[in-house]
Amino acid sequence: MATTDKSMAVGLFRWDEVRKSLLASLWFMFLTFPIMVIRVNTIYKTVEWRWHRMAYVGVGAFLLSFVWRFLIRRKEAGIKRAEESEEETLTRAQRLIRDPRFAKPGIVVVGVGFLVFPLISSLYQIDIMTTALIYVVVALGLNIVVGLAGLLDLGYVAFYAVGAYSYALLNYHFGIGFWLALPIGGALGMIFGILLGFPVLRLRGDYLAIVTLGFGEIIRLVLENWNEFSFGPSGIANIPRPGFFGMTLSLQQNHIYIYYLMVGLALFTIFVVRRLQNSRIGRAWMALREDEVACQAMGINKTRTKLSAFALGATWAGMGGVVFAAKTTFINPASFTIWESVIILCCVVLGGMGSIVGVICGAFALKLLPEYFRAFSEYRMLVFGMVLVLMMVFRPGGIISDVRKIYRFEGGSETRGN
């Protein structure tokens, strides 16, 4: 390992590598010259030449090019080692998760941390952590559709909106409380998931993404323009928070209560999704993801498999929408735009498609880091975009990618490995 890194470092400082980085920096200086150097003062009608900025751009581009080439070489060397040894296909994080000596104490530490978090944190910290847990639940639902079944759904936020509006409207018209609205929101999300699944049974790839995107926009436009039904852009206010045996809770107690409620719902979601992933229907989803034609040729009912993925994924989005409406006490169509679908999809892709732990890490990263980087509000979206690009180049499998199960036959007996 050390010898390989040393050889990469020696190869990196060859003259041809220096020449390539130098050409890249010169080209970048040429492209940014009008923006970084020339400054026109329209009041005094003068031109200011800021040559020192060009030097900064050149040096920065040169160093970044060097680092980029080093990381690319390291990635290629890692791929070669993985091809030579199956053990190298597991990352360090995957090994730690699979090792009971580290996994069980880690689960205990994380569990205790989540339990004591509201007792040592401010109301603001509890609020953003609750939002992150809502996205964990919703992202795990989308992971069923995208990560396990391989169906690209860009209109997933529609089911999120269905759950939120189901609670708001049922409470407004019929006085239905949170605990009854929670399963109703999940059931309505499942129904709408099936309604979306039927028209897209024969679609795949880009066509599937376009249709699901259109479905999400249809739901949003209906909610925004059907004033008699959804109150239009004005939204619905004064949505009651979850009750606790009829007790009157203060604002902080309500936030803590919803936080613990989301912790329980997240644990329940993890348990169910894990059981589904290791079940017969989970293996059918993964077969559908790998090769749809081969999956159908093996006797798997493609229609039933796709509809079950859409229905179960939408169920968790519906329940997440109910909790979102109860937490914010106000909803309107602006809360359910296409960008919400993109963020939820990024949680799945960035964390690792098909990986439960990876999706959880992705949801926490995408919801917590922007909040904690508000001091760099002018640049946080730029940093966010750069991180996504770097992840797609150097870790296309996500933060913690899923481990594919391998079955081998050795000496007439079946051996199962990963």
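Scroll up to find the structure.
Reading the values: rules and limits
- Residues numbered from 1 in each chain as written.
- Predicted model: local features only at pLDDT ≥ 70, side-chain atom pairs only at ≥ 80, totals over all residues.
- Heavy atoms only, no water.
- Helix = DSSP H or I, 4+ residues; strand = E, 2+ residues; numbered from the N terminus.
- Buried < 20%, exposed > 50% of the residue type's maximum accessible area, 1.4 Å probe, protein only.
- Contact = heavy atoms within 4.5 Å.
- Areas by Shrake-Rupley, 256 points an atom, 1.4 Å probe, with all protein chains shown as cover.
- Axes fitted to C-alpha atoms, helices over the stretch in contact; angles between N-to-C directions.
- Left-handed = near helix turned anticlockwise from the far one by under 90°.
- Nonpolar A, V, L, I, M, F, W, Y, C, P; charged D, E, K, R; others polar.
- Disulfide = S-S within 2.5 Å.
- Core = buried A, V, L, I, M, F, W, Y, C linked by side-chain atoms within 4.5 Å.
- Phe/Tyr/Trp six-rings, centres within 6.5 Å; stacked < 30°, edge-to-face > 60°.
- Lys NZ or Arg CZ within 6 Å of the ring centre and 35° of its normal.
- Bend = angle between axes of the 7 residues up to and from the residue.
- Parallel < 35°, antiparallel > 145°, perpendicular 65-115°, else oblique.
- Pairing = 2+ DSSP bridges.

A.B. asks: Sorry if this is basic, but what is going on with the overall build of the protein chain here?
C.D. replies: A count of helices and strands for the protein chain gives 17 helices and 4 strands. The 418 residues of the protein chain split such that 40% are buried. In the protein chain, of all internal contacts separated by at least 6 residues, the share reaching a separation of at least 24 is 72%. For the protein chain, the computed accessible surface area is about 23700 Å², with 67% contributed by carbon and sulfur atoms.

A.B. asks: Hey, could you run me through the packing of helix α8 (residues 178-197) against helix α14 (residues 302-328) in this one?
C.D. replies: The geometry of a pair of packed helices is captured by two quantities: the angle between their axes and the separation between those axes. Put simply, α8 and α14 touch, their axes get as near as 7 Å, and they point 145° apart. The handedness of the crossing between α8 and α14 is right-handed. Every residue of α14 that contacts α8 at Phe178, Ala181, Leu182, Gly185, Gly186, Gly189, Met190, Gly193, Ile194, Leu196 and Gly197 is listed here: Leu307, Phe310, Ala311, Leu312, Ala314, Thr315, Gly318, Met319, Val322, Val323 and Ala326. For the contact of α8 with α14, the residue count by class is 15 nonpolar, 7 polar and no charged.

A.B. asks: Whenever I open this one, the state of the cysteines confuses me. Can you help?
C.D. replies: Each disulfide consists of one covalent bond between the sulfur atoms belonging to two cysteines. For the coordinates displayed, the defined rule picks out 0 disulfides. There is no disulfide at Cys347, and the cysteine sulfur nearest it, in Cys346, is 7.2 Å away.

A.B. asks: Any chance you could explain the nonpolar core here in plain terms?
C.D. replies: Nonpolar side chains tend toward joint burial in soluble globular proteins. Grouped together as the largest cluster of nonpolar side chains are 82 residues, with contacts concentrated most on Leu142, Tyr167, Phe178, Ile331, Phe336 and Phe364. Of all the secondary structure elements, the ones that give two or more residues to this core are α6 (123-148), α7 (157-174), α8, α9 (206-225), α11 (251-277), α14, α15 (338-351) and α16 (356-372). If one sorts the elements of this core by residue count, α6 sits on top with 17 residues. If we ignore the near neighbours within four places in the chain, the residues touching Tyr167 are Ile176, Gly177, Phe178, Ala181, Ile239, Pro240, Arg241, Val322, Ala325 and Ala326.

A.B. asks: What exactly am I supposed to notice about the packing of aromatic side chains here?
C.D. replies: We describe a pair of aromatic rings using the distance from one ring centre to the other and the angle between the two ring planes. For the structure on display, the rule yields 18 aromatic pairs. Considering the side-chain rings of Phe159 and Phe215, the 5.9 Å spacing of their centres and the 40° angle between planes classify their relative orientation as tilted. Taken together, the residues span a long stretch of sequence, with Phe159 in helix α7 and Phe215 in helix α9 at a distance of 56 residues. In this pair, the class of Phe159 matches that of Phe215, namely buried. One aromatic cluster is present, formed by Tyr160, Tyr165, Phe324 and Phe336 through successive ring pairs. Seen from the ring of Tyr135, Lys367 lies directly overhead, with NZ or CZ sitting 4.2 Å from the centre.

A.B. asks: What exactly am I supposed to notice about helix α2 (residues 15-36) here?
C.D. replies: One turn of the α-helix equals 3.6 residues, which is why residues spaced by three or four share an orientation. Taken as a whole, α2 carries its principal kink of about 35° at Phe30; the proline Pro34 stands between one and four residues after it. Among all positions of α2, only Glu17, Ser21, Ser25 and Thr32 are buried.

A.B. asks: Teacher, can you tell me more about the packing of helix α12 (residues 280-290) against α14 here?
C.D. replies: Running from N to C, α12 and α14 cross one another at 105°; their axes reach a closest spacing of 10 Å. Classed by the angle they form, the pair α12 and α14 counts as roughly perpendicular. Here α12 contributes Ile281, Ala284, Trp285 and Leu288 to the contact with α14, which in turn contributes Lys302, Thr305, Lys306, Ser308, Ala309 and Leu312. Grouping the constituent residues of the contact of α12 with α14 by class yields 6 nonpolar, 2 polar and 2 charged.

A.B. asks: Teacher, can you tell me more about the pairing of strand β2 (residues 46-49) here?
C.D. replies: Looking along a regular strand, one sees the side chains alternate between the two faces of the sheet. Relative to β2, strand β1 (residues 38-41) is paired through 4 bridges, and the arrangement is antiparallel. Opposite Val40, over in β2, you have Val47 as the bridge partner. In this structure, the hairpin formed by β1 and β2 is closed by a connection of 4 residues, where Lys45 is found at a positive phi of approximately 55°.

A.B. asks: Help me out: how do you make sense of the side chain of Lys327 in this one?
C.D. replies: Positionally, Lys327 belongs in helix α14. Once you skip the residues sitting within four places of it in the chain, Lys327 turns out to touch Asp127, Thr130, Thr131, Ile134, Arg241 and Ile258.

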